[in-house]
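Here is what each chain is made of, one letter per residue.
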Amino acid sequence: MPRFGKHARFIVHEENCFNGGAPLELLMQTEITPQALFFVRNHAPVPEIDPSAFRLTIDGDVENTLVLSLDELRSQFPDQTVTATLQCAGNRRHDLADYAPIADQLNWGNEAISSAVWTGVSLGEVLMVAGVKPSANHVAFLGLDEVKKDDATFGYGSSIPLGKALRPEALLAYEMNGEPLPAVHGFPLRVVVPGYIGARSVKWVTRITAQAQPSDNYYQAVAYKLFPPQMTAESIDPEAGWMLGELSVNSVICLPAADSILKAGSLVVSGYAMAGGERSVARVDVSSDGGKTWINAELLGTDSAWTWRLWRAELTLVPGDYELTVRAWDTAANTQPEAVRHVWNAMGYMNNAWHRVKIRVV
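Residues numbered from 1 in each chain as written. Predicted model: local features only at pLDDT ≥ 70, side-chain atom pairs only at ≥ 80, totals over all residues. Heavy atoms only, no water.

## Considerations on the overall build of the protein chain
Stage number 1. Regarding its fold elements, the protein chain presents six helices and 25 strands.
Stage number 2. C-alpha atoms of the protein chain, sized along the principal axes, occupy 70 × 45 × 45 Å.
Stage number 3. The 362 residues of the protein chain split such that 56% are buried.
Stage number 4. For the protein chain, the share of sequence-separated contacts (at least 6 apart) that also reach a separation of at least 24 residues comes to 70%. (Helix = DSSP H or I, 4+ residues; strand = E, 2+ residues; numbered from the N terminus. Buried < 20%, exposed > 50% of the residue type's maximum accessible area, 1.4 Å probe, protein only. Contact = heavy atoms within 4.5 Å.)

## Notes on the packing of aromatic side chains
Two numbers describe a pair of aromatic rings. These are the distance of the centres and the angle of the planes.
Stage number 1. Tallied over the entire structure, the rule returns twelve aromatic pairs.
Stage number 2. Seen in terms of ring centroids, Phe-4 and Phe-18 are 5.0 Å apart; in terms of plane orientation they differ by 65°. Their pairing is edge-to-face. Here Phe-18 lies in the loop between strand E1 (11-14) and strand E2 (19-21) and Phe-4 lies in the segment before E1, a separation of 14 residues in the sequence.
Stage number 3. Between the aromatic rings of Tyr-224 and Tyr-349, the centroid separation amounts to 5.2 Å while the plane-to-plane angle is 20°, which identifies the pairing as stacked. Of this pair, Tyr-224 sits in the loop between helix H6 (218-221) and strand E15 (225-226) while Tyr-349 sits in the loop between strand E24 (320-330) and strand E25 (355-361), placing them 125 residues apart in sequence. Tyr-349 shares its class with Tyr-224; the two are buried.
Stage number 4. Pairwise contacts between aromatic rings join Phe-154, Tyr-156, Tyr-218, Tyr-219, Tyr-224 and Tyr-349 into one cluster.
Stage number 5. Positioned over the ring face of Trp-294 is Arg-327, at 4.0 Å from the centre of the ring. (Phe/Tyr/Trp six-rings, centres within 6.5 Å; stacked < 30°, edge-to-face > 60°. Lys NZ or Arg CZ within 6 Å of the ring centre and 35° of its normal.)

## A word on empty space enclosed by the protein
Stage number 1. In total, this model carries two cavities of 30 Å³ or more according to the counting rule given.
Stage number 2. In this structure, the largest cavity encloses a volume near 240 Å³.
Stage number 3. Together, 19 residues line the largest cavity, and Arg-41, Arg-190, Gly-198, Ser-201 and Lys-203 are the ones closest to its centre.
Stage number 4. Tallied by class, residues from the lining of the largest cavity come to ten nonpolar, five polar and four charged.
Stage number 5. In this structure, the second largest cavity encloses a volume near 60 Å³. (1 Å grid on protein atoms, 1.4 Å probe; cavity = no way out; pocket = protein on both sides within 12 Å on 5 of 7 lines; lining within 4 Å. Points joined across faces, edges and corners; volume = space filled by probe spheres on them. Nonpolar A, V, L, I, M, F, W, Y, C, P; charged D, E, K, R; others polar.)

## Examining the layout of surface pockets
Stage number 1. Taken as a whole, the largest pocket spans an internal volume of roughly 610 Å³.
Stage number 2. Around the largest pocket, the lining comprises 26 residues; the ones closest to its centre are Asp-104, Gln-105, Lys-149, Tyr-218 and Tyr-219.
Stage number 3. For the lining of the largest pocket, the secondary structure elements donating two or more residues are strand E8 (147-149) and H6.
Stage number 4. Looking at which element gives the most residues to the lining of the largest pocket, the answer is E8, with three residues.
Stage number 5. Of the residues contributing to the lining of the largest pocket, the split by class is 16 nonpolar, four polar and six charged.
Stage number 6. Approximately 390 Å³ is the volume found for the second largest pocket.
Stage number 7. Along the walls of the second largest pocket sit 21 residues, with Asp-95, Ala-258, His-355, Arg-356 and Val-357 positioned nearest its centre.
Stage number 8. Contributions of two or more residues to the lining of the second largest pocket are made by helix H1 (24-27), helix H3 (93-99), strand E17 (250-255) and E25.

## Digging into the pairing of strand E20 (residues 281-287)
Stage number 1. Most of E20 sits inside the fold, with five of its seven residues counted as buried.
Stage number 2. Here E20 pairs with E24 via six bridges, running antiparallel. Counterpart to Val-281 in the pairing with E24 is Asp-330.
Stage number 3. Both E20 and strand E21 (residues 295-296) contribute to a ladder of two bridges, which runs antiparallel. Note that in E21 the partner of Asp-285 across the bridge is Asn-296. (Pairing = 2+ DSSP bridges.)

## Some thoughts on the sheet that holds strand E19 (residues 265-274)
Stage number 1. What the four strands build is an open sheet, ordered E17-E19-E23-E22; its pairing is antiparallel. The two strands at the open ends of the sheet, each matched to only one other strand, are E17 and strand E22 (298-299).
Stage number 2. Pairing between E22 and strand E23 (residues 309-317): two bridges, direction antiparallel. By the bridge assignment, Glu-298 is partnered in E23 with Arg-312.

## Considering the environment of Ser-75
Stage number 1. Mapped onto the secondary structure, Ser-75 falls in helix H2 (residues 70-76).
Stage number 2. There is a polar contact of 3.3 Å between the side chain of Ser-75 and the backbone oxygen of Glu-72. (Polar contact = N/O pair within 3.5 Å; in protein donor to acceptor, adjacent residues only side chain to side chain.)

Interpretation in functional terms is not warranted from these geometric data alone.
Written out as structure tokens, the structure is:
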């Protein structure tokens, strides 16, 4: 039975640094993902934190260093609520690994994505009270977890550009779907950065630092970078990659599952699509012949720059073998590349190639 209140069918990829996600047929049942199905990406064991002793420090290039308890944070700043989908940069890594080897990375399927209603306080408002100096260009976050790497122990850290940190959707969240944050999702406080890879939404955040340069934490300066396709795990030069931020437009077929055998006639194909930055999903196309011809899917739910769109399309199929294919477009007219060979990289990040599912109709 999975830990942390997760569903009995939760797919656990790693136990100690608890990581996993929900089967796709459960994940896409609702626009808002229940806590029991929400994916988890950790780089260290979940810390045990006494909320009464917790303090959040805001420092660096600011006029006023702040040290706030949870009660002070909640009493001094108004509640803000944002509905946002988080997606791991490694979502869909398994397709990249099938194309060419990827070493020492979680072999995520298509389940490293989920959507929730987050409540907290505006990150930008907290920074404004601290008084960010003109010398600051980035905002760095540090968590209370303890990562052990190369004989060193440190908290998970990351950063985002100051402009993004000041936007109204960036939150310091203490509630998820109307309830206190679960420990595995960052209790008592986490960052939520809508439109960015999940790695920038630091959990158990205890320090926020305004600074001139991006964070020098391993997970900003070395990991979560996109490297040129000719580099392998053995030849990666951290200086040659660029730091990941905004998500790419992406889409996935959730149903039917790969290798399904289905009856001829009407068939409903369904899944999710996601855009990044301040963009939203504009259109989803579905093909039954591997991308030769397309139909438009019906977009479900609410149009928002910060959330996925669930979608469905109805096909009529005669007996035979089919390759169902999906691609999405965002509101800036960006779409997905056709093949994984176009996006392969040694870390297995940002796979947004057309998603394909082979089925047989009898």
